[in-house]
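The chain contents come next:
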Amino acid sequence: MMDTGTIGIVFGSLTPPEELREGAALAERLGFGELWFSEDCFFTGGMSGLTQLLAATRAMPAGLGLASVMTRHPAVLAMELAGLARTYPGRVKAAVGLGNTHWLRQMGLLPPRPLSAVTETFDVVRELLNGATVDRGSAAHHLEGIRLDFPPKQPPELWIGAVNERALRAAGGRADGILLSVLASPAYVNWARRVATDAGRAAPPITAFVLASVSDDERAARDAVRDAVGFFLKAEAHTALVGQSRYGSEIRRRVAALEEDEPLAVEDAWIDEFAAAGSPGQVRDRLRAARLRCRLARPVAVPARPPRGPVAAAGRRRAGQDLSVIAPAAAFTLRCRAGALPLAGPERGRRAGRSEGSCR
């Protein structure tokens, strides 16, 4: 049995905003450990979503992952986070990153120096939350004598979303935690932790999303997540997410041979590498093995749809006995401590064209 206190829940693009409060309250009643809200354009805004999760619960920590450094001025982002941190002390965290480049192009917000935009914005937000006055320009924003009138007594944890080596090193040197993209296999997570540790200090907590599908029929479980795994493998073939896998060379060869709109045929072995699919017991074993291999602290389940029927049924049994109560197609976030791009299904990917959340 897996203790639900070691599991969290992420809500995001596929949950209608009016259903967030009910889902968050249910997660707390069932004993889950923490909540995350993933901001995806153009579904539900991150700050309003995070606020609903906090307001609907009594004590659960809740995080925003991730907030694009380009869609909000750092002074506004810090002001919003400060208000939440003062209202819900000790419960708020937020990850910042570049965000999906297709969406940024749609809005004319893609910066010329993405990594500088992320790190400089991160530094500014942290300074403002700590009560400092900021009077300088950055790669993406201008700040002239800005100081928060209501800085929080307990600043929220500030994380960075990262995928590739340069961003991981930058995040490892300054962030309270690192948010990794979907498809983060155990091999990739271990590599990312080593890269982040090379920054000169112990790697901060790392949250990585792992697509998951739970069913008593192993074939049905794999098939339920196959298209999503294929979509993300095709979109992320050029990144370290695929490059660090033992199947990376073969996946890249097959992706290179595809037509633009042709789907990638996904092998069962690839699903086992990049996802957790199978019976409740098999998914639990996958998560336990990942915790041992990656030194994981907490998996976080990301329901692929609102927590109706199957999740509600968990209230009538001991939560955590059967992970199939979460959703047939979900994602488990593996949170690593040295010493779980916000989840997007194929629908979001078709709209975006590419999966490029987080600074590369």
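Criteria and thresholds
- Residues numbered from 1 in each chain as written.
- Predicted model: local features only at pLDDT ≥ 70, side-chain atom pairs only at ≥ 80, totals over all residues.
- Heavy atoms only, no water.
- Helix = DSSP H or I, 4+ residues; strand = E, 2+ residues; numbered from the N terminus.
- Buried < 20%, exposed > 50% of the residue type's maximum accessible area, 1.4 Å probe, protein only.
- Right-handed = clockwise from strand over helix to strand, strands pointing away.
- Pairing = 2+ DSSP bridges.
- Contact = heavy atoms within 4.5 Å.
- Patch = residues over 30% accessible without salt bridge, like charges linked within 9 Å, V, L, I, M, F, W, Y side chains within 5 Å.
- Areas by Shrake-Rupley, 256 points an atom, 1.4 Å probe, with all protein chains shown as cover.
- Salt bridge = Lys/Arg side-chain N within 4 Å of Asp/Glu carboxyl O.
- Lys, Arg positive; Asp, Glu negative; His and termini not counted.
- Charge placed at Lys NZ, Arg CZ, Asp CG, Glu CD.
- Expected span 1.5 Å × (residues − 1).
- Axes fitted to C-alpha atoms, helices over the stretch in contact; angles between N-to-C directions.
- Parallel < 35°, antiparallel > 145°, perpendicular 65-115°, else oblique.
- Left-handed = near helix turned anticlockwise from the far one by under 90°.
- Nonpolar A, V, L, I, M, F, W, Y, C, P; charged D, E, K, R; others polar.
- Core = buried A, V, L, I, M, F, W, Y, C linked by side-chain atoms within 4.5 Å.

S.K.: Break down the overall build of the protein for me, with residues and values.
M.R.: The helix and strand inventory of the protein stands at 14 helices and twelve strands. Here the protein holds 360 residues, and the buried ones make up 59% of them.

S.K.: Got a sec to walk through the pairing of strand E3 (residues 62-68)? Specific residues and values, please.
M.R.: Most of E3 is tucked away, with seven of its seven residues classed as buried. As a crossover connection, the stretch from strand E2 (residues 35-37) through helix H2 (residues 46-55) into E3 is right-handed. Where E3 and strand E4 (residues 92-97) come together, five bridges link them in parallel fashion. Residue pairing across strands places Gly63 opposite Lys93, the latter belonging to E4. In this fold, E3 hands off to helix H3 (residues 74-87), which returns the chain to E4; that crossover is right-handed.

S.K.: Now, about the side chain of Gln52: what can you tell me, with residues and values included?
M.R.: Considering the arrangement of structural elements, one finds Gln52 in helix H2. Judged by relative accessible area, Gln52 falls into the buried class, the value being 19%. With sequence-adjacent residues up to four places away left out, Gln52 is seen in contact with Pro17, Leu20 and Arg21.

S.K.: Residues and numbers for H2, please.
M.R.: Among the ten residues that make up H2, seven are buried, leaving the element largely enclosed by the rest of the structure. For H2, the full list of buried residues reads Gly46, Met47, Gly49, Leu50, Gln52, Leu53 and Leu54. Here the buried face of H2 lies against strand E1 (8-11), helix H1 (20-29), E2, E3, H3 and E4.

S.K.: Any details on unusual backbone geometry? Residues and values, ideally.
M.R.: With an omega of 5°, the peptide bond between Cys41 and Phe42 qualifies as cis. Position of Phe42 among the secondary structure elements: in the loop between E2 and H2. Look at the link from Gly65 to Leu66: it is a cis peptide, with omega at -15°. Here Leu66 is to be found in strand E3. In this structure, Leu183 is a non-glycine residue whose phi angle is positive, near 80°. Examined against the element boundaries, Leu183 turns out to sit in the loop between strand E8 (177-180) and helix H7 (186-197).

S.K.: Tell me about a negative patch on the surface, and please be specific about residues and values.
M.R.: The grouping of Glu259, Glu260, Asp261 and Glu262 at the surface amounts to a negative patch. The exposure class of Glu259 is exposed, given its relative accessible area of 58%.

S.K.: With reference to specific residues and values, describe the pairing of E8.
M.R.: A two-sided burial pattern is seen for E8, the buried positions comprising Gly177 and Leu179 on one face and Ile178 and Leu180 on the other. One ladder, built from three bridges, connects strand E7 (residues 157-161) with E8; its direction is parallel. Residue pairing in the sheet places Gly161 in a bridge with Leu179 of E8.

S.K.: Just give me the short version of helix H5 (residues 114-129), but keep the residues and values in it.
M.R.: Along its 16 residues, H5 runs 23 Å from first to last C-alpha, staying within 8% of the 22 Å computed at 1.5 Å per residue. Next to the buried residues of H5 lie H3, E4, strand E5 (134-137), strand E6 (142-146), E7 and helix H6 (165-174). Within two residues after H5, Gly131 carries a phi angle of roughly 90°, on the positive side.

S.K.: Account for the packing of H6 against H7, naming residues and giving values.
M.R.: Where H6 contacts H7, the two axes come as close as 8 Å, and the packing angle between them is 55°. If you check the angle between H6 and H7, you find them oblique. Seen from above, H6 lies across H7 with right-handed handedness. Residues Glu165, Leu168, Arg169 and Gly172 of H6 form the contact with H7, whose participating residues are Tyr188, Trp191, Ala192, Val195 and Ala196. Residue composition of the contact of H6 with H7, by class: six nonpolar, one polar and two charged.

S.K.: Give a description of the nonpolar core that names residues and reports values.
M.R.: Counting 67 residues, the largest nonpolar core has Leu35, Leu168, Leu180 and Tyr188 as its most contacted members. Within the second largest apolar cluster, 29 residues are counted, among which are Ala221, Val229, Leu233 and Ala237.

On their own, these measurements won't tell you what the molecule is for.
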